[in-house]
Amino acid sequence: PSVYEHLKDLEWMIGDWVDEVPEARIETECRWAQNKSFITRSFAAKIGGRTEMSGVQVFGWDPAAKKIRSWVFDSDGGFSEGTWTRKDNRWFIKSTGVLADGTKISATNVLTYVDDDRFKWSSIDREAGGHILPNVTEVFVVRGQSAE
């Protein structure tokens, strides 16, 4: 099968997305790379209309591991990599990485597909520098337009 065949179950993510919580607004753009071999996701976290952090995620099929893998790079200098597993309408992304100051981090992010215009995002099993962090409860992410 083509690389696209392995990624097509994530095609619903292509487009612009917004999630807002009282503290921040996250704007996300997901696009296919050429030949639909990867999906790129750019994001910006805004507080009071000002971008506090941004970054890019690239995900695609790893033919050696037979899994979808992703890599995230943020504007502070941190980065992580993750492996994706699907269970029904949920995607579990187990990630490990490092913050710009060298602190090791890990988490499992959960994407729950609701429909083509909404999904839920949460983060569980979070750790930073050997310390357990609280889970991030589910937030709705809706299809929308990212502001320029």
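1. So, the side chain of Thr108
Along the chain, Thr108 falls in strand E8 (residues 104-115). Exposure remark for Thr108: the relative accessible area of 6% places this residue in the buried category. When neighbours within four sequence positions are excluded, Thr108 is seen to be in contact with Phe92, Ile93, Lys94, Ser122, Ser123, Ile124 and Asp125.

2. Considerations on unusual backbone geometry
Positive phi values are uncommon outside glycine, yet Asn35 reaches one of about 65 degrees. Tracing the sequence through the fold places Asn35 in the loop between strand E2 (24-32) and strand E3 (38-47). Here Asn35 falls in the exposed class, since its relative accessible area comes to 69%. With a phi close to 60 degrees, Lys66 is a non-glycine residue in the positive phi region. Here Lys66 shows up in the loop between strand E4 (50-62) and strand E5 (67-74). The exposure class of Lys66 is exposed, given its relative accessible area of 61%.

3. Brief notes about the packing of aromatic side chains
For the structure on display, the rule yields seven aromatic pairs. Taking 6.1 Å as the distance between ring centres and 90 degrees as the angle between the ring planes, the aromatic pair formed by Trp12 and Trp17 counts as edge-to-face. We note that Trp12, like Trp17, is buried. When the ring of Trp12 is compared with that of Phe119, the centres are 5.3 Å apart and the planes differ by 65 degrees; the resulting orientation is edge-to-face. One end of the pair, Trp12, is in the loop between helix H1 (3-7) and strand E1 (15-21); the other, Phe119, is in strand E9 (residues 118-128), with 107 residues separating them in the sequence. Classification of Phe119 as buried rests on a relative accessible area of 8%. Counting every residue linked through ring pairs, the aromatic cluster contains Trp12, Trp17, Tyr113 and Phe119.

4. Comments concerning the pairing of strand E6 (residues 79-87)
With six bridges connecting them, E5 and E6 associate as antiparallel partners. Residue pairing in the sheet places Arg69 in a bridge with Thr83 of E6. Between the antiparallel neighbours E5 and E6 lie four residues, among them Gly77 with a positive phi of about 105 degrees. Where E6 meets strand E7 (residues 90-98), nine bridges bridge the pair, whose relative direction is antiparallel. Of the residues in E7, the one forming a bridge with Thr83 is Lys94. Counted along the chain from E6 to the antiparallel partner E7, the turn is two residues long, and its residue Asp88 has a positive phi close to 55 degrees.

5. Thoughts on the pattern of salt bridges
Taken as a whole, this structure holds 13 salt bridges when the rule is applied. The shortest N-O distance in the salt bridge between Glu11 and Lys36 comes to 3.4 Å. Linking Glu11 in the loop between H1 and E1 with Lys36 in the loop between E2 and E3, this pair joins segments that are 25 residues apart in sequence. On the basis of relative accessibility, which here comes to 32%, the residue Lys36 falls in the partly exposed class.

6. Some points on the pairing of E3
Two faces make up the sheet, and in a regular strand the side chains alternate between them. Both E2 and E3 contribute to a ladder of eight bridges, which runs antiparallel. Following the sheet pairing, Arg25 is matched in E3 by Lys46. Taken together, E2 and the strand that follows it, E3, pair antiparallel across an intervening segment of five residues, in which Asn35 is found at a positive phi of about 65 degrees. Summarising the sheet, E3 and E4 pair through ten bridges and their orientation is antiparallel. Counted as the bridge partner of Phe38 is Gly60 from E4.

Thresholds, definitions, all that
- Sequence order sets the numbering: in each chain, residues are counted from 1 along the sequence as written.
- With the structure being a predicted model, the display of local features is reserved for residues of pLDDT at least 70 and the display and counting of side-chain atom pairs for 80 or more, all residues being used for whole-chain, interface and lining totals.
- The side-chain quantities take in all heavy atoms of the structure and omit both hydrogens and water.
- Secondary structure counts use DSSP, requiring at least four H or I residues in a row for a helix and at least two E residues in a row for a strand, with both numbered from the N terminus.
- Accessibility here uses a 1.4 Å probe with only protein chains present; expressed as a share of the type maximum, an area under 20% marks a residue as buried, one over 50% as exposed, and anything in between as partly exposed.
- Two residues form a contact once any of their heavy atoms are found within 4.5 Å.
- Two rings from Phe, Tyr or Trp (for Trp, the six-membered ring) form a pair when their centres are within 6.5 Å of each other. A pair whose planes differ by under 30 degrees is stacked, one over 60 is edge-to-face, and the rest are tilted.
- Between any two strands, at least two bridges found by DSSP are needed for them to pair.
- Any carboxyl oxygen of Asp or Glu that lies within 4 Å of a side-chain nitrogen of Lys or Arg is treated as forming a salt bridge with it.

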